[in-house]
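# Geometric and topological summary
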There are 2 protein chains.
Amino acid sequence: MDSLVEWLLFLVVFLSISISSSSAGRIGIPRGAAVLKKHHLPLKRAFSGDLHTYFYTQTLDHFNYKPESYATFQQRYVINYKYWGGGAVSAPIFVCLGAEQALETDLQTIGFLDDNDARFNALIVYIEHRYYGKSVPFGSREEAFRNAYRMGYLNSAQALADYAEIIADIKNNLQASHSPVIVIGASYGGMLASWFRLKYPHLALGALASSAPVLYFDNITPSDAFYSIITKSFRETSESCYQTIRRSWSVIDSYASQPWGLSVLSSKFRTCYPLNSASELKKELESIYVVASQFNQPAYLVNRVCAAIDETQTDDILFKIFAAVVAFNGNNRCYINPPNPESQTVTGWKWQTCSEMVMPIGVGENTMFQPNPFDLNTFINDCIRTYGVAPRPHWITSYYGGNDFNFILQKFGSNIIFSNGLRDPFSAGGVLEHISKSIRAVTTTYGSHCLDLFPKSDNDPEWLTKQRNIELRIIKGWLVTYYADLKAFQKG
Amino acid sequence: MDSLVEWLLFLVVFLSISISSSSAGRIGIPRGAAVLKKHHLPLKRAFSGDLHTYFYTQTLDHFNYKPESYATFQQRYVINYKYWGGGAVSAPIFVCLGAEQALETDLQTIGFLDDNDARFNALIVYIEHRYYGKSVPFGSREEAFRNAYRMGYLNSAQALADYAEIIADIKNNLQASHSPVIVIGASYGGMLASWFRLKYPHLALGALASSAPVLYFDNITPSDAFYSIITKSFRETSESCYQTIRRSWSVIDSYASQPWGLSVLSSKFRTCYPLNSASELKKELESIYVVASQFNQPAYLVNRVCAAIDETQTDDILFKIFAAVVAFNGNNRCYINPPNPESQTVTGWKWQTCSEMVMPIGVGENTMFQPNPFDLNTFINDCIRTYGVAPRPHWITSYYGGNDFNFILQKFGSNIIFSNGLRDPFSAGGVLEHISKSIRAVTTTYGSHCLDLFPKSDNDPEWLTKQRNIELRIIKGWLVTYYADLKAFQKG
């Protein structure tokens with residue numbers, strides 16, 4: 001990995017869940033995205049010669065038949081034909097289901113497909129999620145996000161229906177009706193992948209759901225699990241680092257309560273603009289720890305942050321913390337609150353969490369953070385205030401299930417891989433145990449968020465390579481069984 | 001069975017598919033409903049002491065988050081607690097998923113639940129389908145059906161989501177979180193039941209889908225199969241009856257082409273109002289044959305109709321046909337075109353077929369009817385003319401599957417019974433072969449539409465009792481396995 005800066009680029013794609021979920025009961029002010037945005041490099045791989053871009057005329061609302069539901073928008077998808085064995089031999093189709101970002105980010109970050117498709121003779125497809133990138137209804141992003149009347153169509157069920165239509169269209173165009181489709185997704189995209197297999201088994205033979213916290217809804221997963229995992233990562237890395245961070249909050253509060261205290265804090269953290277409140281600073285710091293933990297691998301961000309804290313020789317605890325900020329961000333003119341317009345990911349995901357993707361994540365006692373329990377009522381009221389409509393916090397489990405997931409799916413579903421790195425705080429809401437012979441949990445002790453889908457590298461630890469190979473072997477197994485079944489079926 | 005008139009009451013519930021689907025490429029003018037409406041007797045069983053009525057505040061649009069999607073309506077459901085073993089022992093819950101009619105009709109016609117629930121200690125629930133009966137949004141039926149803006153929310157995906165919410169709510173209220181739910185439905189309701197099991201396996205352990213033509217979409221089932229089965233029924237009942245019907249159409253046409261011909265036809269068929277066209281008469285006759293065939297059992301309507309035709313001694317072929325009309329309808333003051341307002345079932349189902357439930361049924365060559373192939377373009381244009389929006393004829397198979405149904409579901413789904421009577425023309429689009437060990441086809445050679453769900457009677461033929469017992473045994477098997485699994489699951 002060339003540099004932290006370059007590597008941080010990869011983070012952007014899987015970040016957004018933490019952005020708002022870590023808001024702990026408030027509508028999250030974006031943090032991680034602001035931190036990382038400045039590292040966003042020009043894309044290298046996107047739209048290379050192997051990639052062909054298409055637009056599908058997509059129905060705005062699949063579940064309503066009002067005239068306005070028939071409005072359409074152009075949904076972008078990209079196909080790489082390079083390895084494709086063809087529809088005549090029913091060669092497989094691997095489809096990356098986009099999540100809350102532009103398609104370019106998937107192309108840049110998800111290396112799993114390119115690294116492995118040659119051996120499967122697979123067609124590679126990336127589909128952009130509605131409302132992100134160029135797949136925006138109502139003419140422009142500004143119009144699409146104008147208000148709840150326009151954003152109402154941005155939700156997972158509509159997105160899955162989009163994918164269904166495009167996958168069916170591609171198979172039809174390529175005369176590949178019996179080509180098995182494997183859907184792949186990361187984080188929210190991983191949830192979509194697993195849900196797609198459950199809801200559209202006729203269109204996807206299997207799903208690889210990387211770091212998909214499908215169980216972080218309602219009360220299935222303890223609200224405080226997310227921040228407990230982060231705390232554990234830091235504490236296992238360095239007890240003194242953990243203690244320093246833990247103590248830092250009250251020091252900040254203590255400064256803030258003094259006259260001129262915010263000025264002093266602004267100066268100590270070399271902020272781009274004077275701080276308006278202590279929470280402005282605290283949120284940004286919290287975000288650094290969340291991101292460092294969630295994306296620890298392969299740049300070992302927690303080590304880096306803790307090393308800065310531990311190695312900075314001073315009695316001033318805030319100077320230690322500032323060293324961590326610099327270690328995380330690199331050398332900048334200023335820190336903490338740079339003038340950053342909200343990214344499309346942040347804008348879109350804020351809406352999604354305030355409509356259906358309500359993940360009740362709060363900070364419990366006994367973490368290195370200040371306690372901040374998730375309060376559903378506060379959350380709902382904040383959403384109403386912001387958008388004029390309330391979230392539907394139980395709909396995800398009503399529509400996709402979640403309670404007694406193991407019990408129910410062992411007899412029902414099949415062909416899903418839930419992959420997780422246990423250092424990833426979202427793994428708390430992931431499926432970490434095998435559900436059945438064909439619904440598998442593949443976990444790594446040290447892995448971080450979506451690490452298995454990153455492009456492979458010579459520096460990859462052995463356990464990561466092993467994780468990927470297990471996933472590939474499982475997918476291979478699905479395909480072998482599928483082709484045998486298909487043969488038997490076609491013989492009648 | 002007391003009388004034909006009383007029995008015909010039962011027909012109303014499962015009729016509507018034939019009404020519009022037999023329209024053969026046009027938007028169907030209701031026929032069967034008009035014929036049967038006058039036989040609609042006061043309901044006997046509805047709202048007896050065992051039945052408790054409730055209303056659930058239902059979300060208008062489950063798949064959109066626009067402010068108007070949050071509108072609610074009161075959805076009616078009924079519970080019979082009489083046999084219920086209780087949530088503490090996880091006693092089962094049998095849920096009848098209403099289709100395109102008022103709940104009263106289900107209560108009257110579906111005897112399967114009452115006949116058998118005692119032995120299961122089951123809770124019995126009937127849920128009314130949105131837009132029918134009392135479960136109407138926008139304040140009144142008239143408002144709800146005012147235009148496509150209002151009707152857009154009437155579709156199967158929204159209906160399934162309604163059922164999901166109500167089932168979850170009932171289980172929650174009764175503290176019956178581990179009570180297995182079996183969903184049951186007839187005709188369109190049968191489709192909903194099977195789809196519910198596929199889409200919401202976390203809420204329903206299994207489904208009994210009676211006479212559910214889930215494969216009569218797109219080009220999965222030959223367009224002409226429906227009328228071929230009717231023709232076969234008539235021909236096997238009586239060759240001369242079949243020949244008479246077959247020849248009658250051109251006789252009618254020949255009259256209609258003469259001056260005063262329509263007057264003569266009006267007189268011969270003792271119509272309530274003078275006929276405006278030959279097709280007015282022909283549609284009504286066609287409807288009689290469709291209904292007689294679809295609901296042949298247990299009143300042996302085809303026999304009755306054919307006996308009238310065969311036993312009426314005359315050279316006037318139309319007099320024979322008129323005898324069939326009388327045999328079918330009973331003695332009335334007039335026939336064919338009585339002044340009948342359209343029923344809610346007809347109004348609602350016309351919209352449903354013009355939005356998503358596009359069943360391409362046409363009359364092929366070599367039937368006893370005049371050929372009238374299904375033409376999708378004509379159908380679409382008729383829908384646009386009527387409602388201002390086009391149907392989405394491929395959406396059902398995109399959302400629920402259908403192509404290669406056997407192949408796909410053998411590895412994926414479980415716990416569905418597809419029951420069919422092969423004399424029922426809709427059986428052409430039914431699942432007639434076992435898909436897997438737990439997705440079973442239960443068919444009877446002589447059965448008609450949804451016969452297995454009718455209340456049992458001492459006159460039931462042995463094969464019908466056998467069919468019901470097979471279904472009960474399968475459901476029993478699901479429950480036995482479920483309780484064993486649950487026990488193992490709870491032990492950890």
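Quick caveat: nothing in here was measured; it's all calculated off a predicted structure.

Our focus in this paragraph is the overall build of chain A. The number of helices and strands found in chain A is 19 helices and 8 strands. Here chain A, with 492 residues, has 65% of them falling under the buried criterion. Restricting to contacts in chain A with at least 6 residues of sequence separation, those with at least 24 account for 74%. As displayed, chain A has an accessible area near 17,400 Å², and 51% of this comes from carbon and sulfur atoms.

With that settled, the discussion passes to the relation of the copies chain B and chain A. Placing chain B over chain A gives an RMSD of 0.0 Å and needs a rotation angle of 180 degrees, together with 0.0 Å of translation along the axis. The symmetry that links the two subunits is that of a two-fold axis. Taking C-alpha positions as reference, the residue of chain B nearest the rotation axis is K199 of chain B, located at 2.9 Å. Here 100% of the contact residues of chain B are again contact residues in chain A; the copies associate through an equivalent surface.

Bringing the sheet that holds strand 8 (residues 439–444) of chain B into the picture now. Residue and element names in this part refer to chain B. The sheet built from 8 strands is open, its strands ordered 1-2-4-3-5-6-7-8 with mixed pairing. Either end of the sheet is taken by a strand with one partner, and the two such strands are strand 1 (51–59) and strand 8. Within the sheet, the average angular offset between the axes of one strand and its neighbour, ignoring direction, is 20 degrees. In this sheet, strand 4 (residues 123–127) lies alongside strand 3 (residues 93–97) in parallel orientation, the contact comprising 5 bridges. Following the sheet pairing, F94 is matched in strand 4 by I124.

Our next topic: the sheet that holds strand 8 (residues 439–444) of chain A. All names here are of chain A. Read from one edge of the open sheet, 8 strands run 1-2-4-3-5-6-7-8, paired in mixed fashion. Each of the sheet's edge strands pairs with one partner strand only, and the pair in question is strand 1 (51–59) and strand 8. On average, each strand axis in the sheet is inclined to that of its neighbour by 20 degrees, with strand direction left out of account. Judged from the 9 bridges that link them, strand 1 and strand 2 (residues 72–80) form a sheet pairing that is antiparallel. Opposite F55, over in strand 2, you have R76 as the bridge partner.

With that out of the way, let us pick up the interface of chain B and chain A. Contacts between the two partners involve 53 residues from chain B, matched on the other side by 53 residues from chain A. Sorting the residues of chain B by area buried against chain A places Y65, R392 and F412 of chain B first, and these three jointly supply 19% of that buried surface. For E68 of chain B, the salt bridge is made with K66 of chain A, and the minimal N-O distance between the two is 3.1 Å. At the boundary of chain B with chain A, the tally comes to 32 residue pairs in polar contact (both at pLDDT 80 or more). Put simply, the parts of the chain that give the side of chain B that touches chain A at least two residues each are helix 6 (148–151), helix 7 (156–173), helix 8 (188–199), helix 17 (395–400), helix 18 (405–409) and helix 19 (462–491) of chain B. Residues of the side of chain B that touches chain A, tallied by class, amount to 26 nonpolar, 16 polar and 11 charged.

A separate point is the confidence of the model for chain A. Residue and element names in this part refer to chain A. Predicted confidence across chain A gives a mean pLDDT of 89, with 90% of residues reaching 70 or more. Below a pLDDT of 50 lies the segment residues 1–44, which in the model reaches 143 contacts outside its immediate sequence neighbourhood of four places, other chains included. Here the predicted complex scores 0.93 on pTM and 0.92 on ipTM.

Let us now look at the packing of helix 10 (residues 239–256) of chain A against helix 11 (residues 261–268) of chain A. Residues and elements named next belong to chain A. Packing of helix 10 against helix 11 leaves a shortest axis separation of 7 Å and a crossing angle of 130 degrees. When the axis of helix 10 is compared with that of helix 11, the two are oblique. Side by side, helix 10 and helix 11 meet where I252, Y255 and A256 of the first sit next to G261, L262, V264, L265 and K268 of the second.

Residue and element names in this part refer to chain B. On inspection of all chains with the given rule, the structure shows 62 aromatic pairs over all chains. Plain terms: the ring middles of Y54 and Y77 are 5.4 Å apart, the flat faces sit at 25 degrees to each other, and that makes the pair stacked. Note that Y54 is positioned in strand 1 and Y77 in strand 2 (residues 72–80), a separation of 23 residues in sequence. Y54 gets classed as partly exposed once you look at its relative accessible area, which sits at 29%.

Within the span of helix 13 (residues 301–311) of chain A, buried status applies to L301, V302, V305, C306, A308 and I309 of chain A. The arc enclosing the buried residues of helix 13 of chain A, seen along the axis, measures out at 155 degrees, which places them on a common side.

Right, let's get into the pattern of salt bridges. Two side chains with opposite charge may pair up if their charged atoms get near one another. Counted according to the given criterion, the structure contains 34 salt bridges over all chains. When the shortest N-O distance is used, the salt bridge between R385 of chain A and D382 of chain A registers 2.4 Å. With R385 of chain A and D382 of chain A both in helix 16 (residues 376–387) and 3 residues apart, this pair spans about one turn of that helix. Judged by its relative accessible area of 14%, D382 of chain A is buried. Ionic pairing is found between D485 of chain B and K411 of chain A, a salt bridge with its closest N-O pair at 2.6 Å. Here K411 of chain A lies in the loop between helix 18 (405–409) and strand 7 (416–421) and D485 of chain B lies in helix 19, a pairing that spans two chains. A relative accessible area of 18% means that D485 of chain B is categorised as buried. In the salt-bridge network here, residues are joined through shared partners; they are K66 and E68 of chain A together with K66 and E68 of chain B.

Attention now goes to the state of the cysteines. Summed over the entire model, instances satisfying the criterion amount to 6 disulfides over all chains. Two residues, C272 of chain B and C334 of chain B, share a disulfide whose sulfurs are 1.8 Å apart. One disulfide, between C272 of chain B and C334 of chain B, carries an S-S torsion of 95 degrees and so falls in the right-handed class. Of this pair, C272 of chain B sits in the loop between helix 11 (261–268) and helix 12 (278–294) while C334 of chain B sits in the loop between helix 14 (317–329) and helix 15 (344–353), and the two are 62 residues apart along the sequence. Overall, C272 of chain B belongs to the buried group, its relative accessible area being 15%. Among the cysteines of chain A that take part in disulfides, numbered as they appear in the sequence, the pairing is 1-3, 2-4, 5-6. Here C450 of chain A is not disulfide-linked; the sulfur of C96 of chain A is the nearest cysteine sulfur, at 10 Å. The class of C450 of chain A is buried, set by a relative accessible area of 0%.

Each value, and the rule that gives it
Residues numbered from 1 in each chain as written. Chains lettered and ligands numbered in written order. Predicted model: local features only at pLDDT ≥ 70, side-chain atom pairs only at ≥ 80, totals over all residues. Heavy atoms only, no water. Helix = DSSP H or I, 4+ residues; strand = E, 2+ residues; numbered from the N terminus. Buried < 20%, exposed > 50% of the residue type's maximum accessible area, 1.4 Å probe, protein only. Contact = heavy atoms within 4.5 Å. Areas by Shrake-Rupley, 256 points an atom, 1.4 Å probe, with all protein chains shown as cover. Least-squares fit on C-alpha atoms with pLDDT ≥ 70 in both. Pairing = 2+ DSSP bridges. Axes fitted to C-alpha atoms, helices over the stretch in contact; angles between N-to-C directions. Buried area = accessible area lost by both parts, 1.4 Å probe. Salt bridge = Lys/Arg side-chain N within 4 Å of Asp/Glu carboxyl O. Polar contact = N/O pair within 3.5 Å; in protein donor to acceptor, adjacent residues only side chain to side chain. Nonpolar A, V, L, I, M, F, W, Y, C, P; charged D, E, K, R; others polar. pLDDT = per-residue confidence, 0-100. Parallel < 35°, antiparallel > 145°, perpendicular 65-115°, else oblique. Phe/Tyr/Trp six-rings, centres within 6.5 Å; stacked < 30°, edge-to-face > 60°. Arc of directions from axis to C-beta. Disulfide = S-S within 2.5 Å.

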